[in-house]
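Descriptive structure summary
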Amino acid sequence: MGTTAASATDNEQIHFRTCTLCEAMCGIEIKHDGEKVLSIKGDKNDPFSQGYICPKATALQDLYEDPDRLRGPVERTADGWKSISWIEALDKVAAGIQSVQQKYGQNAFGVYLGNPNVHNMGGMLTIKQLLTSLKTRSRFSATSIDQLPHHIVSMHLFGHMLRIPVPDVNRTQYMLIIGGNPLASNGSIMTAPNMRQKLKDIKARDGKVVVIDPRRTETADIASEHHFIRPATDVLLLLAMLNEIYAQGYAKVDSRVAGLAPEIDRIASFAEGFTLSRWQILQVLPPLKSNVSSKSFVKPKARSVTAVWVSRCKSLACSANICPWSSISSQDA
């Protein structure tokens, strides 16, 4: 995925590729002499990343040149590691899987998938068939401890687990971040390279970045506002915000939505009792922030079609459940 350009010397070449380590998919410029990598830089002409890359992309050279890098299948023996052919390796792996499953059951065999598999065309086309043939429910990946609730909600809302709403960070005037630290995660699940600059751009155009997090993160340091929240109380704040959305009439349910989710009105009745009275605020937000209400976070979002709300669902699956729903309802408010 990319192009090749001639360089100043006969031996040097520059390849333009896409980094596949995360879904930001930044453009990279690789200068090399034969098999020797001379440099890896951000592609300034990439319309998406505009020359930005994170340290992981720069370190691709270290990975490529690492003397311990696996360049073919190896087998551990009594005398140490020895190289074997692909045919021999695949036969041994198949025999091992069959032996484990016959002795202990199908689910005794576990599979772990690394993050770059999702950003690889070959992996996306073949992994599902491989997992189906293995007939094991013991499947694990970065998703298992990261954004799985996002996928489940997207499946129910949009019909596919990968149809995850992407916040319009480039044009938003109000960004609410709950339990997320995009400066550290590089904007994961937002497909937004160079998050530091994007957050600065929001503030530069008189927008606001609000962080709710029990820890003063790197993102909180550059945010317009940071509201500390007591650990494990996210759900109270989120339910109060959900109640505020209904109480102020920001949620609009048309016939199409009602047809797909006939019990959607139960959400309003379920959240009705959750309001951030003073005693609840003291339980959720520290006393210094007791003047903050759920309306503070809901009202700016509901009044602007360019507002976005993001969260990392490792802290609480409820965040992931409410956020995609809210991102839809607010666009019509």
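Here, the structure is the one placed above.
Below you will find a few notes about this structure.

Reading guide: rules and limits
- Residues numbered from 1 in each chain as written.
- Predicted model: local features only at pLDDT ≥ 70, side-chain atom pairs only at ≥ 80, totals over all residues.
- Heavy atoms only, no water.
- Patch = residues over 30% accessible without salt bridge, like charges linked within 9 Å, V, L, I, M, F, W, Y side chains within 5 Å.
- Areas by Shrake-Rupley, 256 points an atom, 1.4 Å probe, with all protein chains shown as cover.
- Salt bridge = Lys/Arg side-chain N within 4 Å of Asp/Glu carboxyl O.
- Helix = DSSP H or I, 4+ residues; strand = E, 2+ residues; numbered from the N terminus.
- Expected span 1.5 Å × (residues − 1).
- Bend = angle between axes of the 7 residues up to and from the residue.
- Buried < 20%, exposed > 50% of the residue type's maximum accessible area, 1.4 Å probe, protein only.
- Contact = heavy atoms within 4.5 Å.
- Polar contact = N/O pair within 3.5 Å; in protein donor to acceptor, adjacent residues only side chain to side chain.
- 1 Å grid on protein atoms, 1.4 Å probe; cavity = no way out; pocket = protein on both sides within 12 Å on 5 of 7 lines; lining within 4 Å.
- Points joined across faces, edges and corners; volume = space filled by probe spheres on them.
- Nonpolar A, V, L, I, M, F, W, Y, C, P; charged D, E, K, R; others polar.
- Core = buried A, V, L, I, M, F, W, Y, C linked by side-chain atoms within 4.5 Å.
- Phe/Tyr/Trp six-rings, centres within 6.5 Å; stacked < 30°, edge-to-face > 60°.
- Lys, Arg positive; Asp, Glu negative; His and termini not counted.
- Charge placed at Lys NZ, Arg CZ, Asp CG, Glu CD.

1. A short note on a nonpolar patch on the surface
There is a patch of nonpolar side chains on the surface, built from V118, M124, M155, M161 and L162 and spanning about 430 Å² of accessible area. Note on placement: L162 falls in the loop between α5 (148-158) and β9 (174-178).

2. Some thoughts on helix α4 (residues 121-134)
Helix length check: α4 (14 residues) gives 21 Å between terminal C-alpha atoms against 20 Å at 1.5 Å per residue, within 8%. I127 marks where α4 bends most, by close to 35°. By the burial criterion, the buried members of α4 are G123, I127, L131 and L134. Looking at the buried side of α4, the elements it contacts are α3 (86-104), β7 (111-113) and β8 (139-141). Capping the start of α4, N120 holds a side-chain oxygen 3.0 Å from the backbone nitrogen of G122, two or three residues further along. Where α4 ends, the next residue or the one after it, K135, has phi of about 55°, a positive value.

3. Re empty space enclosed by the protein
Using the criterion set out here, one finds two cavities of 30 Å³ or more in the structure. Estimates place the volume of the second largest cavity at around 60 Å³. Contributing to the lining of the second largest cavity are C19, L21, C22, A24, M25, C26, C54, K56, A57 and N186. Per-class residue counts for the lining of the second largest cavity are eight nonpolar, one polar and one charged.

4. Topic: the nonpolar core
Within the largest apolar cluster, 16 residues are counted, with the highest numbers of intra-cluster contacts made by M175, M190, M195 and L199. Counting residues per element, the ones that place at least two in this core are β9, α7 (195-204), β10 (208-212), α8 (218-222) and β12 (308-311). Of all the elements, α7 adds the most residues to this core, at three residues. In contact with L199, not counting residues within four places along its chain, are M175, P182, L183, V209, T219 and I222.

5. A word on the packing of aromatic side chains
Taken as a whole, this structure holds one aromatic pair when the rule is applied. Taking 6.3 Å as the distance between ring centres and 40° as the angle between the ring planes, the aromatic pair formed by F270 and F274 counts as tilted. Judged by relative accessible area, which is 26%, F274 ranks as partly exposed.

6. Some remarks on the pattern of salt bridges
This structure, assessed with the given rule, holds five salt bridges. Between E225 and K208 there is a salt bridge, and its shortest N-O distance comes to 3.1 Å. Here K208 lies in strand β10 and E225 lies in strand β11 (residues 225-227), a separation of 17 residues in the sequence. On the basis of relative accessible area, K208 is assigned to the partly exposed category, the value being 32%. A salt bridge links D221 to R216; the nearest nitrogen and oxygen atoms lie 2.9 Å apart. Taking relative accessible area as the criterion, D221 reaches 47% and is therefore assigned partly exposed. For R216, a relative accessible area of 46% puts it in the partly exposed group.

7. Regarding a negative patch on the surface
A cluster of acidic side chains, namely D62, E65, D66 and D68, defines a negative patch on the protein surface. Relative to the elements of secondary structure, D66 occurs in the loop between α2 (60-65) and β5 (74-77). Its relative accessible area of 32% is what places D66 among the partly exposed residues.

All we've got here are geometric facts, nothing functional implied.
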